[in-house]
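Tertiary structure, described
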Amino acid sequence: MNRFLWPLIGFAVLAALLAAGLRLNPRELPSPLVGKTAPDFALPRLDTPERNFSPGEMRGKAWLLNVWATWCVSCRQEHPLLVEIARSKTVALVGLNYKEVRGDAAFDMDKISAETERKLAAERADSWLDRHGNPYTLSVLDLDGRAGMDYGVYGVPETYVIDKAGVIRFKHIGPVTPDVLSGKILPLVAELSK
Amino acid sequence: MRKTEKPFSAKARRREEKFFSRPVFLCVLCALCALCICAANPAFAGKTPDEAAEKRFNAIVAELRCLVCQNESLAGSGAELAHDLRREIRNMIEAGKSDGEIMDFMVGRYGDFVRYRPPLKGSTLLLWFGPALLFAGGVGGLFVCLRRRARVGDAPLSEAERREAERLLHPEKTEA
């Protein structure tokens, strides 16, 4: 009996470890930015390009930063949920439009001037928001993705919960799901808004 | 080569003509031209002319993981983000940042996961020493097993076992 017991226990432990490993999502990495001050940037707003927006303007209230682009397929998937958040008016939602033109493989960047890129990005973003609804309090254009890099963006869409003091409290990678929204994001926002 | 030949003899000239009309010579010429074109083209030459800086750049990007294609290094990945990060690292090298500062930049944004060689700390102890621990456990288990088997082997046969062995080894004797 004892002869078979130990190999059996060994096998069970190994199987349990492998099963747990299979359940982990390798794309979900713990962000080192959680618990740190949200990186600063100053980027032109989509609605009023002559005005810049900085995260500092949101001091004093909890808010969400959502990284999106019109070429991002998963963004369309989470979009109805974002529209719902906007309708409920529970929290300010700022959109960071990430590499609108450069991120789209359809464009040859050698042939596009900076001015054309800016115009094209604004046109594309505006028409997309017109078509699908605009959930954002405001959106900014991060044409070269440099601000996104400071936030450690590696898979659009990404959503950050930022508190009153401007500290990142939570980061979600990939499309927001109803579970994540009602289970994590909204309770956290409610707590931070107190 | 025959040393008796004069340098400008008719034979030598013929050989020379033959050499220049040879396909081998044409190939060499083409290759040389291609090389010159490549060297003159900035797309082939890269943006960091300094060889030491290029070496540093190559060493750094080989140490970093691409976040999009997680099984590729930053050096080998064709992902858009890898492209951006390579450009950023080049800029940092040109700006005179040290290797440590560049690593801090990457780890500060993407975590220890971007490093192919994770740092030694509390949460990575098992990662670093787990294999050695498993090996030690295996060797220990094997040792105990062999010791136990050796002890069992030394035990003398009982009377019944001896008779059975005798029967198997010499069937004709016992049957008789």
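Residues numbered from 1 in each chain as written. Chains lettered and ligands numbered in written order. Predicted model: local features only at pLDDT ≥ 70, side-chain atom pairs only at ≥ 80, totals over all residues.

Per the secondary structure count, chain A includes five helices and seven strands. N-terminal to C-terminal, the α/β element order of chain A is α-β-β-β-α-β-α-β-α-β-β-α. In terms of overall size, chain A is more extended than a compact globule, its C-alpha atoms giving a radius of gyration of 21 Å where 194 residues would be expected to give roughly 16 Å. Reported as C-alpha extents along the three principal axes, the dimensions of chain A are approximately 80 × 45 × 30 Å. Out of the 194 residues belonging to chain A, those deemed buried represent 36%. Counting contacts in chain A only where the partners sit at least 6 residues apart, residues at least 24 apart contribute 75% of the total. (Helix = DSSP H or I, 4+ residues; strand = E, 2+ residues; numbered from the N terminus. Rg over C-alpha atoms; globule rule 2.2 N^0.38 Å. Buried ≥ 20, exposed ≤ 12 C-beta atoms within 10 Å, placed from the backbone. Contact = placed C-beta atoms within 7 Å.)

Moving on to helix α4 (residues 51-63) of chain B. Residues and elements named next belong to chain B. Compared with the 18 Å implied by 1.5 Å per residue over 13 residues, the 19 Å span of α4 between its first and last C-alpha is a close match. Those residues of α4 not exposed but buried are Phe 57, Ile 60 and Val 61. One face of α4 carries all of its buried residues, which in axial projection span an arc of 90 degrees. Away from its buried face by more than 90 degrees, α4 exposes Glu 51, Ala 52, Lys 55, Asn 58, Ala 59 and Ala 62. On its buried side, α4 packs onto α5 (80-94) and α6 (99-110). (Expected span 1.5 Å × (residues − 1). Arc of directions from axis to C-beta.)

Listed per partner, the contact involves 11 residues of chain A and 13 residues of chain B. Partitioned by chemical class, the residues of the side of chain A that touches chain B number six nonpolar, four polar and one charged. (Nonpolar A, V, L, I, M, F, W, Y, C, P; charged D, E, K, R; others polar.)

Our focus in this paragraph is the pairing of strand β3 (residues 63-68) of chain A. All names here are of chain A. Judged by how many residues are buried, β3 sits mostly within the fold: six of six residues are covered. Both faces of β3 are covered, namely the face carrying Trp 63, Leu 65 and Val 67 and the face carrying Leu 64, Asn 66 and Trp 68. Pairing of β3 with strand β4 (residues 92-98), which is carried by six bridges, proceeds in the parallel orientation. Bridge pairing links Asn 66 to Gly 95 in β4. Where the polypeptide runs from β3 across helix α2 (residues 73-88) and back to β4, its parallel neighbour, the crossover connection is right-handed. Pairing of β3 with strand β6 (residues 158-162) involves five bridges; the strand directions are antiparallel. (Pairing = 2+ DSSP bridges. Right-handed = clockwise from strand over helix to strand, strands pointing away.)

Residue and element names in this part refer to chain B. Where α4 contacts α5, the two axes come as close as 10 Å, and the packing angle between them is 140 degrees. On the basis of the axis angle, α4 is oblique to α5. Relative to α5, α4 is oriented so that their crossing is right-handed. Facing α4, whose interface residues are Ala 53, Arg 56, Phe 57, Ile 60 and Val 61, α5 presents Arg 86, Ile 89, Arg 90 and Ile 93. Looking at the contact of α4 with α5, its residues break down into six nonpolar, no polar and three charged. (Axes fitted to C-alpha atoms, helices over the stretch in contact; angles between N-to-C directions. Parallel < 35°, antiparallel > 145°, perpendicular 65-115°, else oblique. Left-handed = near helix turned anticlockwise from the far one by under 90°.)

Of all residues in chain A, 99% attain a pLDDT of 70 or more, and the chain-wide mean is 92. Looking across chain A, the model is least confident in helix α1 (residues 2-23) of chain A, with a mean pLDDT of 91, and most confident in β3 of chain A, with 96. (pLDDT = per-residue confidence, 0-100.)

Residue and element names in this part refer to chain A. One open sheet accounts for five strands, arranged β5-β4-β3-β6-β7; its pairing is mixed. The sheet terminates laterally at β5 (138-142) and β7 (168-173), the two strands that pair on one side only. Each adjacent strand pair in this sheet contributes to an overall mean axis angle of 20 degrees, direction not counted. Here helix α5 (residues 178-193) sits on the sheet and contacts β6 and β7; the angle it forms with β7, its principal contact strand, is near 165 degrees.

As a further point, take unusual backbone geometry. All names here are of chain A. Cis geometry marks the peptide bond from Val 156 to Pro 157, where omega comes out at 0 degrees. The topology assignment puts Pro 157 in the loop between α4 (146-150) and β6. A positive phi angle is found at Lys 89, which is not glycine, with a value near 55 degrees. Along the polypeptide, Lys 89 turns up in the loop between α2 and β4.

Before going further, it helps to examine helix α3 (residues 114-132) of chain A. All names here are of chain A. Between the first and last C-alpha of α3 there are 27 Å, a value that for 19 residues agrees with the 27 Å anticipated at 1.5 Å per step. Three or more residues of α3 are buried, namely Ala 121, Ala 122, Ala 125, Trp 128 and Leu 129. Looking straight down α3, one finds its buried side chains confined to an arc of 140 degrees; they lie on one side. Turned more than 90 degrees away from the buried face of α3, the exposed residues are Glu 115, Thr 116, Glu 123, Ser 127, Asp 130 and Arg 131. Where the residues of α3 are buried, they touch β4 and β5. Positive phi shows up at Gly 133, right after α3, with a value of about 95 degrees.

Residue and element names in this part refer to chain A. Note: β6 against β7, five bridges, orientation antiparallel. Across the sheet, the residue bridging to Tyr 160 is Lys 171, located in β7. Adjacent in sequence and paired antiparallel, β6 and β7 are bridged by five residues, among which Gly 166 carries a positive phi angle near 85 degrees.

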